[in-house]
2 protein chains.
Amino acid sequence: MVVACATLSACASAPQTLPVAPASPPAGMQFLYGSGEAAALSVQAFHALLDHVALAVQDRPAESVVLDQNATLERPGFVPCGTKPFAAVFDVDETLILNLGFEYHDARTAKGYDAAAWDAWEKTGAGQVGAVPGAMDAVRGLRALGVTVIFNTNREAVNAGATALAIRNAGLGEAVHGSSLFLKGDDGIGSRKDGRRATIAAKYCVIAMGGDQLGDFSDLFNAGQPVATRRAVVMNGATAKLWGHGWFVLPNPVYGTALKGGFDDVFPTDKRWDMPAVKEAR
Amino acid sequence: MVVACATLSACASAPQTLPVAPASPPAGMQFLYGSGEAAALSVQAFHALLDHVALAVQDRPAESVVLDQNATLERPGFVPCGTKPFAAVFDVDETLILNLGFEYHDARTAKGYDAAAWDAWEKTGAGQVGAVPGAMDAVRGLRALGVTVIFNTNREAVNAGATALAIRNAGLGEAVHGSSLFLKGDDGIGSRKDGRRATIAAKYCVIAMGGDQLGDFSDLFNAGQPVATRRAVVMNGATAKLWGHGWFVLPNPVYGTALKGGFDDVFPTDKRWDMPAVKEAR
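Residues numbered from 1 in each chain as written. Chains lettered and ligands numbered in written order. Predicted model: local features only at pLDDT ≥ 70, side-chain atom pairs only at ≥ 80, totals over all residues. Heavy atoms only, no water.

A.B. asks: When you look at the layout of surface pockets in this model, what are you seeing that I'm missing?
C.D. replies: If a probe as big as a water molecule is rolled over the atoms, it shows which places are left empty. Of the pockets and cavities examined, the largest pocket occupies roughly 1,200 Å³. Forming the walls of the largest pocket are 46 residues, and the residues nearest its centre are Gln213(A), Val254(A), Tyr255(A), Gly256(A) and Thr257(A). Grouping the amino acids of the lining of the largest pocket by side-chain chemistry returns 19 nonpolar, 11 polar and 16 charged. Estimates place the volume of the second largest pocket at around 820 Å³. Every residue lining the second largest pocket is counted, 29 residues in all, and those nearest its centre are Tyr113(B), Asn154(B), Gln213(B), Tyr255(B) and Gly256(B). (1 Å grid on protein atoms, 1.4 Å probe; cavity = no way out; pocket = protein on both sides within 12 Å on 5 of 7 lines; lining within 4 Å. Points joined across faces, edges and corners; volume = space filled by probe spheres on them. Nonpolar A, V, L, I, M, F, W, Y, C, P; charged D, E, K, R; others polar.)

A.B. asks: What's the story with helix 6 (residues 135-144) of chain B in this structure? I'm lost.
C.D. replies: Along an α-helix, a turn takes 3.6 residues, which lines up residues three or four apart on a common side. Residues and elements named next belong to chain B. Taken residue by residue, helix 6 has Ala 135, Ala 138, Val 139, Gly 141 and Leu 142 as its buried positions. Here the buried residues of helix 6 occupy an arc of 160° about the axis, which is enough to place them on one side. Seen from the open side of helix 6, the exposed residues pointing more than 90 degrees away from its buried face are Asp 137, Arg 140 and Ala 144. Where helix 6 is buried, its residues touch helix 3 (36-58), strand 3 (86-90) and strand 6 (148-156). Gly 146, located one to two residues past helix 6, shows a positive phi value of around 85°. (Buried < 20%, exposed > 50% of the residue type's maximum accessible area, 1.4 Å probe, protein only. Helix = DSSP H or I, 4+ residues; strand = E, 2+ residues; numbered from the N terminus. Arc of directions from axis to C-beta. Contact = heavy atoms within 4.5 Å.)

A.B. asks: Please clarify how the sheet that holds strand 3 (residues 86-90) of chain A should be interpreted in this entry.
C.D. replies: Working definition: the strands of a sheet are paired by backbone hydrogen bonds and lie parallel or antiparallel to each other. Residue and element names in this part refer to chain A. Spatial strand order, 7-6-3-8-9: 5 strands in an open sheet with parallel pairing. Two strands in the sheet have a free side with no partner beyond their single neighbour: strand 7 (181-184) and strand 9 (247-249). The mean angle between the axes of side-by-side strands here comes to 20°, regardless of whether they run parallel or antiparallel. Packed on one face of the sheet, helix 3 (residues 36-58) meets strand 3, strand 8 (205-211) and strand 9 and runs near 175° to strand 8. (Pairing = 2+ DSSP bridges. Axes fitted to C-alpha atoms, helices over the stretch in contact; angles between N-to-C directions.)

A.B. asks: What am I meant to see in the interface of chain B and chain A here?
C.D. replies: Size of an interface: often given as the accessible area lost when the parts come together. Contacts between the two partners involve 79 residues from chain B, matched on the other side by 79 residues from chain A. Buried area between chain B and chain A, both sides added, is near 6,500 Å², and the carbon and sulfur share of it is 68%. For the chain B face of the interface with chain A, the top three residues by lost area are Arg231(B), Phe263(B) and Trp273(B), together amounting to 14%. Counting every contact that joins chain B to chain A gives 2 salt bridges. Where chain B touches chain A, the interface holds 28 residue pairs in polar contact (both at pLDDT 80 or more). Among the secondary structure elements, those contributing two or more residues to the side of chain B that touches chain A are helix 2 (27-34), helix 3, helix 4 (100-109), helix 5 (115-124), helix 9 (227-236), strand 9 (247-249) and helix 10 (263-266) of chain B. Here the side of chain B that touches chain A takes 11 residues from helix 3 of chain B, the largest share from any one element. Partitioned by chemical class, the residues of the side of chain B that touches chain A number 46 nonpolar, 20 polar and 13 charged. (Buried area = accessible area lost by both parts, 1.4 Å probe. Salt bridge = Lys/Arg side-chain N within 4 Å of Asp/Glu carboxyl O. Polar contact = N/O pair within 3.5 Å; in protein donor to acceptor, adjacent residues only side chain to side chain.)

A.B. asks: Would you mind showing me how to read the relation of the copies chain B and chain A here?
C.D. replies: Two copies of one chain are present, and they are related through a rotation about an axis combined with an axial shift. Turning chain B through 180° and shifting it by 0.0 Å along the axis lays it on chain A, with an RMSD of 0.0 Å. Such a combination of rotation and displacement between the chain copies is what one expects of a two-fold axis. The residues that chain B uses at the interface reappear at the interface of chain A in 100% of cases, marking a shared surface. (Least-squares fit on C-alpha atoms with pLDDT ≥ 70 in both.)

A.B. asks: I would appreciate a short explanation of the packing of aromatic side chains in the present structure.
C.D. replies: The way to describe two aromatic rings as a pair is by their centre distance and the angle between their planes. A full pass over the atoms with the stated rule returns 28 aromatic pairs over all chains. With 6.3 Å between their ring centres and 40° between their planes, Phe102(A) and Trp273(B) make a pair best called tilted. One end of the pair, Phe102(A), is in helix 4 (residues 100-109); the other, Trp273(B), is in the segment after helix 10, on a second chain. Residue Phe102(A) shares its accessibility class with Trp273(B), and that shared class is buried. On the numbers, 6.2 Å between centres and 80° between planes, the contact of Phe221(A) with Trp247(A) is edge-to-face. You can see Phe221(A) sitting in the loop between strand 8 and helix 9 (227-236) and its partner Trp247(A) sitting in strand 9, a full 26 residues away along the chain. Each member of the pair, Phe221(A) as well as Trp247(A), carries the same accessibility label: buried. (Phe/Tyr/Trp six-rings, centres within 6.5 Å; stacked < 30°, edge-to-face > 60°.)

A.B. asks: What's the story with the pattern of salt bridges in this structure? I'm lost.
C.D. replies: It is possible for side chains of opposite charge to pair when their charged atoms get near one another. Applying the stated rule across the entire model yields 22 salt bridges over all chains. With its nearest N and O atoms 3.1 Å apart, the salt bridge here joins Asp137(A) to Arg140(A). With Asp137(A) and Arg140(A) both in helix 6 (residues 135-144), this residue pair falls 3 residues apart, about one helical turn. Its salt-bridge partner being Asp194(B), residue Arg197(B) comes within 2.8 Å of it at the nearest N-O pair.

A.B. asks: I would appreciate a short explanation of the side chain of Thr163(A) in the present structure.
C.D. replies: All names here are of chain A. Locating Thr 163 in the fold gives a position in helix 7 (residues 160-169). With a relative accessible area of 1%, Thr 163 lands in the buried category. When residues no more than four places from it in sequence are discounted, the contact partners of Thr 163 are Arg 155, Leu 181 and Leu 183.

A.B. asks: How should I be thinking about the confidence of the model for chain A in this particular structure?
C.D. replies: Do not read the fine detail of predicted coordinates wherever pLDDT is low. Residue and element names in this part refer to chain A. Chain-level pLDDT for chain A is 93 on average; 92% of the residues reach the 70-or-more range. Predicted confidence for residues 1-15 stays below pLDDT 50, and this span has 7 contacts to residues more than four positions away or in other chains. Across the assembled chains, the prediction reports ipTM 0.93 with pTM 0.93. (pLDDT = per-residue confidence, 0-100.)

A.B. asks: Would you mind showing me how to read empty space enclosed by the protein here?
C.D. replies: The full count for this structure, using the stated rule, is 6 cavities of 30 Å³ or more. Here the largest cavity is characterised by a volume of approximately 60 Å³. Around the largest cavity, the lining residues are Leu41(A), Gln44(A), Ala45(A), Ala48(A), Leu41(B), Gln44(B), Ala45(B) and Ala48(B). Those elements giving two or more residues to the lining of the largest cavity turn out to be helix 3 of chain A together with helix 3 of chain B. Of the residues assigned to the lining of the largest cavity, the class counts are 6 nonpolar, 2 polar and no charged.

A.B. asks: What's the story with the environment of Val249(B) in this structure? I'm lost.
C.D. replies: Inspection of the secondary structure assignment puts Val249(B) in strand 9. Distance in space between the C-alpha atoms of Val249(B) and Ser42(B) is 8.4 Å, their sequence separation being 207 residues. Apart from the residues within four sequence positions on either side, Val249(B) is in contact with Glu37(A), Ala40(A), Leu41(A), Gln44(A), Ala45(B), Gly211(B), Phe217(B) and Trp243(B).

A.B. asks: What is the right way to look at the pairing of strand 6 of chain B in this model?
C.D. replies: Both faces of the sheet carry side chains from a regular strand, because those side chains alternate between them. All names here are of chain B. Bridge count for strand 3 against strand 6 is 4 bridges, and the pairing is parallel. The residue bridging Ala 87 from the neighbouring strand is Thr 148, located in strand 6. Pairing analysis gives 3 bridges linking strand 6 to strand 7 (residues 181-184), with the strands arranged parallel. The residue bridging Asn 152 from the neighbouring strand is Phe 182, located in strand 7. Chirality of the crossover, the property in question, places the unit of strand 6, helix 7 (residues 160-169) and strand 7 among those that are right-handed. (Right-handed = clockwise from strand over helix to strand, strands pointing away.)

If you want it as structure tokens, here you go:
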């Protein structure tokens, strides 16, 4: 809550300085939740995903798009498909659903991320979510092709019912904990998703994965690499061919593992520029 | 330039308050220039583009992906292809090249956008650009398919030579003003690109367009619509099927027409949430 102070002395007597609500949402939220540009990026990603899946269903691949247990980013190997039924595996937050209610609250209070608020949101926010642009058409299209849609999220297992409700409210259909819904707490490795992916890939031929964080594709991207190294392996590594060809990224400049790095991490030292000195008039 | 004050009196005697360089780049720049997530989004977009073009080259479409002069977003019509040679048309900044030097300067000075600085950048920054992830492979692949790569940018026509150099330095090959490079000032309608697109589509069968702003696809997206209306037409309008199928979007949460809107524009009124009141202990 934001409290306006009628007088300076009223402010001074408050136990702490309260954050002031900004005049407008931060740029990242304007982009992700308000812009046509971000909507187009998401629709484009889901179009590419459905095109890819339609071909894979016609011509069954030997390998899934889930890395196997011995994989490295330099030498990726994949779980075989065999004759397993097809599935597509998605992260949930900012991949299939937009957490509009929570992010509105976050921006208005301007307090920064608060774990207690997020837990309350998981429990009570199912009515204030939206679908990511293109997501409803994509899950409908996948199911029409006979592909099982599986949700693999780091929302808490104890909140499974409320999360299934949020998914349903977003127009994405049914999610059943343990069969089509996998959550943090389902195994002993916390927010790392490789274990849950292995469980899913043991039963299904996973022909597409979607996420807004690299950890939605492999935990190997979150092994503590320097920022520039992590970006370089995405662009040039042995798994780079998978972007748009089995691995599908949704935009999220609002939170997560993408928002890291100081100036030396983000800007190469040989790409710096300053205004040329202006010549003085004689 | 950022000036540190050794004493308070030295600060007080300064003619104005100088901006202080932030400790790290803003979140949008961390995302776009530093993250693996944004790199993956860009590579994915260029993969989809090249897949689409490879099919179009094999099976010539009747229509280009450039809207015709009578088109509306509700009733889009397209310039016919006839037997014209194939082309792909791209915006330049944050579509094919990353303006690393300028954005570093912008973030460090923390002064906000400055037209004089941008003009100096166009004239002198050709050595401090990078390629958008996936762009080099895409333009190389397009040329190998016999598709002409055309650059349509709002950099100034008077800076044509320096812009062609920046494109070459980014590893994207040759750009020749008037044939493969179109700039602001080439016609009488300023930063609007429909005129230049019509000129290009008169000579070429344009089978793909790439951009980071909706104006890179049609000026109709910038007709002064409310923020939410503009986003809705992107998602649900008659041109929505083109995202990833002829029109290819690159991410840019750093600047441009996506970064607009107050709370009421960005967050639907029925999707707001607040922390439930905590029950007091009795």
